[in-house]
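Structural features, examined
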Protein chains: 2
Amino acid sequence: MTQQLGTPRRRDALSNRAAILRAAAAAFSERGRAVDVREIARCAGVGMGTLYRHFPSKDALIETLLAESYARWVEQARRSTRDRTSAWEALESFITDALTFQRRDRAVLENLAAATTDAAGLSVCRRLLRPLVEELVAAAHAERALRPGVRADDVLAVLAALGRLVELDAPADAVHRCLRIVLSGLRNGDGLEP
Amino acid sequence: MTQQLGTPRRRDALSNRAAILRAAAAAFSERGRAVDVREIARCAGVGMGTLYRHFPSKDALIETLLAESYARWVEQARRSTRDRTSAWEALESFITDALTFQRRDRAVLENLAAATTDAAGLSVCRRLLRPLVEELVAAAHAERALRPGVRADDVLAVLAALGRLVELDAPADAVHRCLRIVLSGLRNGDGLEP
DNA sequence: GACAAAGGGGAGCAGCTGTTCCGGTGTGGG
DNA sequence: CCCACACCGGAACAGCTGCTCCCCTTTGTC
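Residues numbered from 1 in each chain as written. Chains lettered and ligands numbered in written order. Predicted model: local features only at pLDDT ≥ 70, side-chain atom pairs only at ≥ 80, totals over all residues. Heavy atoms only, no water.

Notes on the environment of D169 of chain A
Note on placement: D169 of chain A falls in the loop between α8 (152-167) and α9 (172-186). In sequence terms D169 of chain A and F94 of chain A are 75 residues apart; their C-alpha atoms lie 21 Å from each other. Residues within four places of D169 of chain A in sequence aside, it is in contact with R106 of chain A together with T117 of chain B. (Helix = DSSP H or I, 4+ residues; strand = E, 2+ residues; numbered from the N terminus. Contact = heavy atoms within 4.5 Å.)

A few points about the protein's contact with DNA strand C
In the vicinity of DNA strand C lie 26 residues, with D36, R38 and K58 of chain A together with R10 and N16 of chain B positioned nearest. In this structure, R10 of chain B approaches DNA strand C through a side-chain N or O atom, which is 2.6 Å from a base nitrogen. Here a base oxygen of DNA strand C and a backbone polar atom of G49 of chain B are 2.8 Å apart. Counting residues per element, the ones that place at least two in the surface near DNA strand C are α1 (11-31), α2 (37-43) and α3 (48-54) of chain A together with α1 (11-31) and α3 (48-54) of chain B. Here the surface near DNA strand C gets five residues from one element, more than from any other, and that element is α3 of chain B. (Near = heavy atom within 4 Å. Polar contact = N/O pair within 3.5 Å; in protein donor to acceptor, adjacent residues only side chain to side chain.)

What about the relation of the copies chain A and chain B?
Laying chain A over chain B is done by rotating through 180° and shifting 0.0 Å along the axis; what remains is an RMSD of 0.1 Å. Taken together, the turn and the small shift mark the pair as related by a two-fold rotation axis. Residues of chain A ranked by C-alpha distance from the rotation axis are headed by G185 of chain A, positioned 1.8 Å from it. (Least-squares fit on C-alpha atoms with pLDDT ≥ 70 in both.)

So, the pattern of salt bridges
Evaluation of the coordinates by the stated rule reveals 24 salt bridges over all chains. A salt bridge links R79 of chain A to E75 of chain A, with the shortest nitrogen-to-oxygen separation between them at 3.4 Å. With R79 of chain A and E75 of chain A both in helix α4 (residues 58-82), this residue pair falls four residues apart, about one helical turn. Judged by its relative accessible area of 45%, R79 of chain A falls in the partly exposed class. Accessibility expressed as a relative area gives 47% for E75 of chain A, which makes it partly exposed. Between E135 of chain B and R78 of chain B there is a salt bridge, with its nearest N and O atoms 2.6 Å apart. (Salt bridge = Lys/Arg side-chain N within 4 Å of Asp/Glu carboxyl O. Buried < 20%, exposed > 50% of the residue type's maximum accessible area, 1.4 Å probe, protein only.)

Looking at helix α5 (residues 87-104) of chain A
Relative to the 26 Å expected for 18 residues at 1.5 Å per residue, α5 of chain A spans 26 Å between its end C-alpha atoms, a close match to the ideal helical length. Of all the residues in α5 of chain A, the buried ones are A87, W88, A90, L91, E92, S93, F94, I95, A98, L99, F101 and Q102 of chain A. (Expected span 1.5 Å × (residues − 1).)

What about the protein's contact with DNA strand D?
Neighbouring DNA strand D are 26 residues, the closest being N16 and G49 of chain A together with D36, R38 and K58 of chain B. Near-protein atoms of DNA strand D (within 4 Å) split between backbone and bases, with sugar and phosphate holding 51%. At 2.6 Å from a phosphate oxygen of DNA strand D is found a side-chain nitrogen or oxygen belonging to N16 of chain A. One of the backbone N or O atoms of G47 of chain A is found 2.9 Å from a phosphate oxygen in DNA strand D.

Comments concerning the interface of chain A and chain B
With 34 residues of chain A at the contact, the number on the chain B side is 34 residues. Across the chain A/chain B interface, buried area totals approximately 2700 Å², and carbon plus sulfur atoms make up 58% of it. Broken down residue by residue, the surface that chain A buries against chain B is led by R164, R177 and I181 of chain A, which jointly contribute 23%. Summed over the shared surface of chain A and chain B, the result is four salt bridges. R164 of chain A is the salt-bridge partner of E167 of chain B, the closest N and O atoms lying 2.5 Å from each other. Across the chain A-chain B interface, the total number found is eight residue pairs in polar contact (both at pLDDT 80 or more). Contributing elements (two or more residues each) for the side of chain A that touches chain B: α5, α6 (106-117), α8 and α9 of chain A. The element contributing the most residues to the side of chain A that touches chain B is α9 of chain A, with nine residues. (Buried area = accessible area lost by both parts, 1.4 Å probe.)

Concerning the side chain of H54 of chain A
Residues and elements named next belong to chain A. For H54, the position within the fold is in helix α3. Engagement of the side chain of H54 in a polar contact is seen with the backbone oxygen of A13, the distance being 3.5 Å. Apart from the residues within four sequence positions on either side, H54 is in contact with A13, N16, R17 and I20.

What follows is the structure, encoded as structure tokens:
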């Protein structure tokens, strides 16, 4: 993906590929998939032909960046989650951070939503995230901190739902208020209707 | 909106207008704003010129239908909300019904989300809904059934967030699970962190 | 029943999108 | 230093969109 061993590429080809990835990362993370490929080529200082020789399609380019973004997110989440005093606190901080991550990268935001329901191949990315969520949910249940019956899919769905508010550019405090509501709904309160 | 007193329209004009509204309502409520105007004209058995003489733009056509949809929704919600034993039950049933309404009408779903944050003119429609939500929230607060600090805007934001799951065609039971989580988060549980 | 004028139809325009094609250019091995 | 070939740029294509234009038809009045 980063280099080809059998056929060493030319220097300009490699630097162009890097420029494309840099420009695409900036554009997609700021405005999502809707960005015009022409703009990416222009920002990278490159022609359309160059872009399309390095990546067979716009989707392939997005997917490459998406894989990196998810990997970065999951790694960071694993790190900041490890040293929490309780499993509940870990889950809480994961969900909170997920929102700031979605705000920072609109492509991830859109993909996370799509992957929540679509069984399509996009889930290649989600498969990096899901195991982590399953761990966090299981640990929180072991602690009896989570409302009985809550599953990993519910947490992912909640992430997609709250992501909608981020996508709509809702003010940060409005998103935070909804986050509090959802978090308190996830917390085990015991004495509620079935 | 339905008739012009000063200038009595021709019979064919009126029936065409009705056919356009009928076809547009069916298409937009099923698939949202993304529907091609050509398809609406075709389904109405009408040409493009006809469509655009009756409505200055696609947006105007959507807005006309949206106003009707919101009015119908609010009226129905007011009716089914009136005879509830508690204010909490009323709010709960309103939010639940809101989801089935958004599932039935994708144009409303999309507009509700947009209106939640945009201060744009689209809010003409939301202005029908907001007073009702404010009433329900105030009544629930008077009953001490709502988590302290929850405002009408929070409920509207929650509606938009859950609507996202409907938009993604999430299975009905997945949406219902998130609904339960959110509802229990809205309910006053007293002993939670600030 | 005739004749303005309101109304209708749909091809065509302008603008956007992702993608392809091909003549020219720069690289780097010999 | 030279030349083949990987590589580059961007004009052009195909397909979609909302919308307009203009010639023809229908309506209802006198």
